[in-house]
Amino acid sequence: MARLLVVPRAAVEVDNLSMTYRKANSELIAVDRLSITMNVGEITSILGPNGAGKTSTIEACEGFRKPTSGKITVFGLDPIKDAPQLRPRVGVMLQEGGAWLGVRAGELLRYVASLHAHPLPVNELLERLSMHDHQQTTFRRLSGGQRQRLSLAIAIVGRPELVFLDEPTAGMDPHARRETWEIIGELRAGGAAVVLSTHHMDEAQELSDRVYILNHGTLAASGTPVQLLRDAAEAQLVVEFGGAVNISRLELAIPELGSAEARASNSYHFAVQSTPALIADVASWCARHQFDLRSIRAEQPTLEERFLDLTKKVVR
Amino acid sequence: MTLDLRPKPGAAPWSKRLIRHMWMELRLLSRQGEQLMITVFVPLLGLVLGSRAGSVLDTAEPLALIFPGIIALAIVSMAFTSLAIGTGFERRYGVLKHLGATPLSPQGLVWGKALAIVVAEIIQGILLFTAAVILGWRALPGTPWWAFLCLVLLATMAFAGFALLLAGAFRAEITLALANLLFVLALAFGGLILPSDRLPSVLAPLVAYSPTGAIGDGLRTVLLDGSIPWLQMVVLAAWAVVTTVACVRWFRWE
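Report follows, based on the coordinates. (Residues numbered from 1 in each chain as written. Chains lettered and ligands numbered in written order. Predicted model: local features only at pLDDT ≥ 70, side-chain atom pairs only at ≥ 80, totals over all residues. Heavy atoms only, no water.)

Topic: the nonpolar core
One finds I156 of chain A together with I215 of chain B to be the most contacted residues of the largest nonpolar core, which totals 103 residues. The element that contributes the greatest number of residues to this core is helix α4 (residues 62-92) of chain B, accounting for 17 residues. In terms of nonpolar packing, the next biggest core, distinct from the first, is built from 30 residues, V14, M19, L94 and V195 of chain A among them. (Core = buried A, V, L, I, M, F, W, Y, C linked by side-chain atoms within 4.5 Å. Buried < 20%, exposed > 50% of the residue type's maximum accessible area, 1.4 Å probe, protein only. Helix = DSSP H or I, 4+ residues; strand = E, 2+ residues; numbered from the N terminus.)

Dropping the structure here:
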């Protein structure tokens, strides 16, 4: 059987993008010769500490800001020059709402839906986001999480091919967060390109097909979450005791553990790949020497650790 | 519940977007007490009080004298004060940015707003003319109504441009303060209610060529004399051009 090679189709191509801002007498380089791609049918996460250039990059892709140099194409079009063609195709969820304070939630969503040719059914969308009971609530009185849900609804009500979600789950309760993740997954499954900017690493790890980590306006790392973790710092073995122990005895007895790093009280981390044999050795040694062993677990590095590692603040 | 989240993008027709936006603006306007206060109640109150103030105004027909000024006041309150404050806060809360990213587009936003102002002014006009007629006002025979409409339209453009200029260049709080301050100044010294030639002689020529003086004097020429205010129409047209150009140059969406 012939293998079908699916070449992902790019929704957004950022080529050698630089964004600089004039600030008094100095020039701030927010984005420095960045090249990234966001594909159709994929969730692309743009991660980075505050000031890494995420917002500048995303807003340039949305057509809100003009690149200082370099080129951005969205579905082969220019985000600024071809904005009239792109606006119906691109959904944008802004970080700080962007709504009249006196508008009612249902009224606002119906209004935005009416600007589109084939909008999602508004009632069902509100129900899906558990916003049905807040239809009559004015934007002023919506909580942070409710505003976020409404903003998400506004971004997707026009059935866009490309959705930019800026911190979509900030301020959401865990239920709303899960529901949002599900919706984002369905958007991808439906064939939309989703671009996510978030500070929640678990969110990026759970959802993304592709991750770009920015730092100081340049690309610090990129790849699938699995690839990024494969390159990450070593796995760790975490050993916890019920009381104080002399950990150096264990270190001497089982040299392959290396030296322990104390984290919480009576909890020690060893930078070593755990194997069943190693775990058995540690457990039986502790049993023989009356060490009050509570747990041994292998800890896989998380995207959060990888992120912190890649974007370490230089301490001056 | 299953929602079909497959992409199916497309914009509604231009006319539909425009009209939906106009409705949105009108609904929001009707909900804001403080805006209704200056756009509807202040002109109506001025009309009622002015019609009883013959001795203060030193005229036998206070209603006829004050009515054109009240219309001018209503235009300034709607196309300038209300628009400036509303737009200032829309910019501050990111509404303009957000709507600019929807199929409405920035142009649609501007035209939708313009349409909403025109409709709101028609409602103001109906209310004020009805009130004036009830109070005993009668139009002069042979009033050049086309000149009246022309003045209103030119003044609306000039003031709306000025409003957007303020709202697009300053912070919302500063716009709020300036819009109210200028409204009060225009009321007192702007030649709106009282003819510019009744003002102190230092101010009179300045005010005559200001947009507030031009709309006030222009409407008085139409409604009191029944003649065509060519000078005021030219002055307002010039202001409309100046404020529009300035707006295009200095307006910031964010």
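Re the packing of aromatic side chains
The tally for this structure, following the rule as stated, stands at 13 aromatic pairs over all chains. Pairing F67 of chain B with F129 of chain B gives two aromatic rings, centres 5.0 Å apart and planes at 90°, and the pair type is edge-to-face. A residue pair is termed long-range when its members are at least 10 positions apart, and F67 of chain B in helix α4 and F129 of chain B in helix α6 (residues 105-135) qualify at 62 residues. Accessibility expressed as a relative area gives 0% for F67 of chain B, which makes it buried. F129 of chain B gets classed as partly exposed once you look at its relative accessible area, which sits at 22%. Members of the aromatic cluster, connected to one another through ring pairs, are F67, F129, W137, W145 and F148 of chain B. One residue, R89 of chain A, lies across the ring of F75 of chain A, its end atom 4.4 Å from the ring centre. Above the ring of F64 of chain A, the side-chain terminus of K97 of chain B is found at 5.0 Å from the ring centroid. (Phe/Tyr/Trp six-rings, centres within 6.5 Å; stacked < 30°, edge-to-face > 60°. Lys NZ or Arg CZ within 6 Å of the ring centre and 35° of its normal.)

Notes on the interface of chain A and chain B
Taken together, the contacts link 43 residues of chain A with 34 residues of chain B. For the pair chain A and chain B, the summed buried surface comes to about 3700 Å²; carbon and sulfur atoms form 64% of the total. Counting across the chain A and chain B interface gives four salt bridges. Of the charged contacts in the structure, one is a salt bridge between R27 of chain B and E107 of chain A, with a shortest N-O distance of 2.6 Å. The interface formed by chain A and chain B holds 14 residue pairs in polar contact (both at pLDDT 80 or more) in total. Only β5 (90-93), α3 (105-114), α4 (122-128), α5 (144-156) and α6 (174-190) of chain A provide two or more residues apiece to the side of chain A that touches chain B. Looking at side-chain class alone, the side of chain A that touches chain B contains 21 nonpolar, nine polar and 13 charged residues. (Contact = heavy atoms within 4.5 Å. Buried area = accessible area lost by both parts, 1.4 Å probe. Salt bridge = Lys/Arg side-chain N within 4 Å of Asp/Glu carboxyl O. Polar contact = N/O pair within 3.5 Å; in protein donor to acceptor, adjacent residues only side chain to side chain. Nonpolar A, V, L, I, M, F, W, Y, C, P; charged D, E, K, R; others polar.)

Focus on the environment of E107 of chain A
Topologically, E107 of chain A is positioned in helix α3. As for E107 of chain A and L308 of chain A, which are separated by 201 residues in sequence, their C-alpha atoms are 42 Å apart. Not counting residues up to four positions away in its chain, the partners in contact with E107 of chain A are Q135 of chain A together with M24, R27 and R31 of chain B. Among the polar contacts made by the side chain of E107 of chain A, one reaches the side chain of R31 of chain B at a distance of 2.6 Å.

Description of a nonpolar patch on the surface
All names here are of chain B. A surface patch of nonpolar side chains, amounting to about 420 Å² of accessible area, comprises F162, L181, L182, L185 and F189. Here the nonpolar patch takes four residues from helix α8 (residues 172-189), the largest share from any one element. By relative accessible area, L181 is classed as partly exposed at 48%. (Patch = residues over 30% accessible without salt bridge, like charges linked within 9 Å, V, L, I, M, F, W, Y side chains within 5 Å. Areas by Shrake-Rupley, 256 points an atom, 1.4 Å probe, with all protein chains shown as cover.)

Some thoughts on the sheet that holds strand β11 (residues 261-262) of chain A
Residues and elements named next belong to chain A. With antiparallel pairing, the four strands of this open sheet are ordered in space as β11-β12-β10-β13. Across the chains shown, the open sheet's two edge strands, defined by having one partner strand only, are β11 and β13 (293-299). Relative to β13, strand β10 (residues 236-241) runs antiparallel, the two being bridged by six bridges. Counterpart to L237 in the pairing with β13 is A298. Sheet strands in contact with helix α10 (residues 276-288) are β10 and β13, and its direction is about 165° off that of β13. (Pairing = 2+ DSSP bridges. Axes fitted to C-alpha atoms, helices over the stretch in contact; angles between N-to-C directions.)

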